[in-house]
Amino acid sequence: MGAAAFHRRRHRDNGRLIPAISAVFGALLLVFVLFSFLTPSPTDDEHLLHDLRRPVVNDAVVNVEVSGFRVPTSGGRLDRDIWKSRMSKFYYGCSNASKKFPEAEGITHSNRYLLIATSGGLNQQRTGITDAVVVARILNATLVVPKLDQKSFWKDASNFSEIFDVDWFISHLSKDVKIIKELPTRAGKIWTPYTMRVPRKCSARCYQSRVLPNLLKKHAVQLTKFDYRLSNKLDTDLQKLRCRVNYHALKFTDPIIQMAEKLVHRMRKRSKHYIALHLRFEPDMLAFSGCYYGGGDKERKELGGIRKRWKTLHEILRTQAYHSSKC
Ligand SMILES: *[C@@H]1O[C@H](CO)[C@@H](O)[C@H](O)[C@H]1NC(C)=O
Ligand SMILES: *[C@@H]1O[C@H](CO)[C@@H](O)[C@H](O)[C@H]1NC(C)=O
Ligand SMILES: *[C@@H]1O[C@H](CO)[C@@H](O)[C@H](O)[C@H]1NC(C)=O
């Protein structure tokens with residue numbers, strides 16, 4: 001119960017409720033205090049602990065501060081502190097749609113098609129695909145399976161169905177958004193969608209005000225260079241939809257899964273535990289960072305060349321004369 005609701009209630013109530021609430025709060029506090037003493041040290045389940053303790057931490061009476069994540073010193077209990085969570089039995093999935101989330105069939109308009117062209121590296125494209133499903137849902141449109149960026153820095157010529165299980169993607173989301181493989185033909189002819197871009201950080205309302213009018217007029221709209229993030233101010237059911245797309249509907253194809261399993265198997269042969277680290281120390285990222293990495297004029301020239309690709313990068317960064325500093 002929020003503080004405001006509590007006060008509202010107190011005004012209305014004739015006084016009998018307050019002792020009861022105090023007693024419940026008191027008991028809760030006691031449980032929390034006991035709980036925090038029984039819990040030896042903060043670990044990776046700290047976020048959950050923190051949430052559980054919030055009412056106590058915010059209370060002036062009992063102040064159980066949770067310190068930051070502790071890296072065990074030598075000989076520490078690495079095993080317990082890093083590799084497992086004693087709270088994991090309390091975790092549960094929450095990406096399922098709520099009962100009030102209508103099924104796609106009832107809300108999809110048959111003459112609204114959304115297409116997107118993703119942009120960037122695979123992870124960025126994956127986020128774009130996730131957001132595209134939500135945008136189609138917001139616009140009550142049918143989504144055409146997104147086109148992957150084959151001209152990005154990595155020049156990966158793979159298409160969607162080579163990376164992701166496209167039939168699984170379509171069927172798993174069938175209750176959320178209608179998805180088809182290709183734009184249907186119109187009067188036997190290939191139909192060119194209307195192309196447009198949306199501003200960075202376009203929110204649900206922004207898609208409705210900017211894309212919907214075009215969708216109503218042209219019936220098929222393609223959003224180009226779709227690598228923006230849907231606003232964080234998305235309502236819970238749409239956030240859950242993002243989770244369903246990212247964690248359930250986007251499944252890698254078998255050859256990729258087999259390769260990953262092989263790598264994991266090799267690492268597990270060496271140790272029960274392993275850490276995968278993505279260093280991302282690649283030319284485009286180095287160029288975009290605007291930093292100087294000590295490679296002399298050769299580096300300045302090469303990174304300067306790459307920097308010209310981004311029109312949005314500050315002019316000074318794009319010119320070769322720029323002497324970037326270490327950072
Ligand atoms: C979510 O839905 C799936 C499929 O209907 C079901 O198997 C699963 O138990 C549900 N999960 C939760 C946490 O309700
Ligand atoms: C989509 O459909 C829902 C349910 O019928 C409706 O409330 C909403 O206004 C529609 N949105 C658009 C953009 O058509
Ligand atoms: C994707 O690439 C594969 C292999 O090159 C090809 O067989 C398939 O037709 C392509 N799919 C689409 C939708 O372009």
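About the thresholds
- Residues numbered from 1 in each chain as written.
- Chains lettered and ligands numbered in written order.
- Predicted model: local features only at pLDDT ≥ 70, side-chain atom pairs only at ≥ 80, totals over all residues.
- Heavy atoms only, no water.
- Patch = residues over 30% accessible without salt bridge, like charges linked within 9 Å, V, L, I, M, F, W, Y side chains within 5 Å.
- Areas by Shrake-Rupley, 256 points an atom, 1.4 Å probe, with all protein chains shown as cover.
- Salt bridge = Lys/Arg side-chain N within 4 Å of Asp/Glu carboxyl O.
- Lys, Arg positive; Asp, Glu negative; His and termini not counted.
- Charge placed at Lys NZ, Arg CZ, Asp CG, Glu CD.
- Helix = DSSP H or I, 4+ residues; strand = E, 2+ residues; numbered from the N terminus.
- Buried < 20%, exposed > 50% of the residue type's maximum accessible area, 1.4 Å probe, protein only.
- Phe/Tyr/Trp six-rings, centres within 6.5 Å; stacked < 30°, edge-to-face > 60°.
- Lys NZ or Arg CZ within 6 Å of the ring centre and 35° of its normal.
- 1 Å grid on protein atoms, 1.4 Å probe; cavity = no way out; pocket = protein on both sides within 12 Å on 5 of 7 lines; lining within 4 Å.
- Points joined across faces, edges and corners; volume = space filled by probe spheres on them.
- Nonpolar A, V, L, I, M, F, W, Y, C, P; charged D, E, K, R; others polar.
- Domains from an automatic or database assignment.
- Pairing = 2+ DSSP bridges.
- Near = heavy atom within 4 Å.
- Polar contact = N/O pair within 3.5 Å; in protein donor to acceptor, adjacent residues only side chain to side chain.
- Core = buried A, V, L, I, M, F, W, Y, C linked by side-chain atoms within 4.5 Å.
- Contact = heavy atoms within 4.5 Å.

## Here's the deal with a positive patch on the surface
Together, K155, R197, R200, K201, K225, R229 and R309 make up a positively charged patch on the protein surface. Its location among the elements puts K201 in the loop between strand 4 (194-196) and helix 9 (204-210).

## A few points about the pattern of salt bridges
This model, assessed by the stated rule, comprises six salt bridges. Residue D176 is joined to R244 by a salt bridge in which the shortest nitrogen-to-oxygen separation is 2.9 Å. Of the two residues, D176 sits in the loop between helix 8 (166-172) and strand 3 (179-180) while R244 sits in helix 11 (residues 236-249), which places them 68 residues apart along the sequence. Of the two residues, D176 and R244, both sit in the buried class. Ionic pairing is found between K298 and E302, a salt bridge with its closest N-O pair at 3.4 Å.

## Thoughts on the packing of aromatic side chains
Counted according to the given criterion, the structure contains five aromatic pairs. Consider the rings of F160 and F164, whose centres lie 5.2 Å apart with planes at 50°: the pair is tilted. Residues F160 and F164 agree in their burial class; the two are buried. Residues F164 and F252 carry aromatic rings whose centres are separated by 5.5 Å and whose planes lie at 15° to one another, so their mutual orientation is stacked. Note that F164 is positioned in the loop between helix 7 (160-163) and helix 8 and F252 in the loop between helix 11 and helix 12 (254-270), a separation of 88 residues in sequence. Members of the aromatic cluster, connected to one another through ring pairs, are F160, F164, F169 and F252. Across from the ring centre of F252, 5.4 Å away, lies the NZ or CZ of R126, which sits over that ring. A cation over a ring is seen here: R137 above F101, with NZ or CZ 3.7 Å from the ring centre.

## Focus: a nonpolar patch on the surface
Together, W83, I275, L277, L279, F281 and Y293 make up an exposed nonpolar region whose accessible area comes to about 720 Å². Positionally, L277 belongs in the loop between helix 12 and helix 13 (283-289).

## Looking at the environment of R205
Here R205 is to be found in helix 9. The exposure class of R205 is exposed, given its relative accessible area of 68%. Measuring from C-alpha to C-alpha, the distance between R205 and L234 comes to 9.9 Å, with 29 residues separating the pair along the chain.

## Structural notes on the layout of surface pockets
Put simply, the largest pocket is a space of about 1200 Å³. Along its surface, the largest pocket is lined by 37 residues, and S119, G120, Q124, K225 and D227 are the ones closest to its centre. Here the lining of the largest pocket is composed, by residue class, of ten nonpolar, 14 polar and 13 charged. Residue assignment places the lining of the largest pocket across two domains, with domain 1 (3-33 + 277-326) and domain 3 (104-249) each supplying three or more.

## With respect to the pairing of strand 5 (residues 220-223)
Taking every second residue as pointing to the same face, both faces of strand 5 are buried, with A220 and Q222 on one and V221 and L223 on the other. Here four bridges tie strand 1 (residues 113-116) to strand 5, and the two strands are oriented parallel to one another. Across the sheet, I116 pairs through a bridge with L223, a residue of strand 5. As judged from the three bridges shared by strand 4 and strand 5, these two strands associate in the parallel manner. The residue of strand 5 that forms the bridge with T195 is Q222.

## Description of the site of ligand 2
The full set of residues close to ligand 2 is I107, R112, I138, N140 and L212. Within the side chain of N140, an N or O atom sits 2.3 Å from an oxygen atom of ligand 2. Taken by itself ligand 2 offers 360 Å² of open surface, and the protein chains cover 48% of this. Taken together, the residues that form the shell around ligand 2 break down as three nonpolar, one polar and one charged.

## Quick notes on the nonpolar core
Counting 42 residues, the largest nonpolar core has F160, F169, Y207 and L223 as the members making the most contacts within it. Only strand 1, helix 6 (122-138), helix 7, helix 8, helix 9, strand 5 and helix 11 provide two or more residues apiece to this core. Excluding its chain neighbours within four sequence positions, the residues that come into contact with Y207 are V135, L139, V198, C202, L212, L223, F226 and L230.

## Observations regarding unusual backbone geometry
A positive phi angle is found at K201, which is not glycine, with a value near 55°. Its identity is not glycine, yet H219 carries a phi of approximately 70°, on the positive side. Along the chain, the position of H219 falls in the loop between helix 10 (212-218) and strand 5.

## With respect to the side chain of S119
Secondary-structure assignment places S119 in the loop between strand 1 and helix 6. Here K225 takes part through its side chain, which lies 3.1 Å from a polar atom of the side chain of S119. Setting aside its immediate chain neighbours within four residues, S119 contacts Q124, Q125, D149, K225, F226 and D227.

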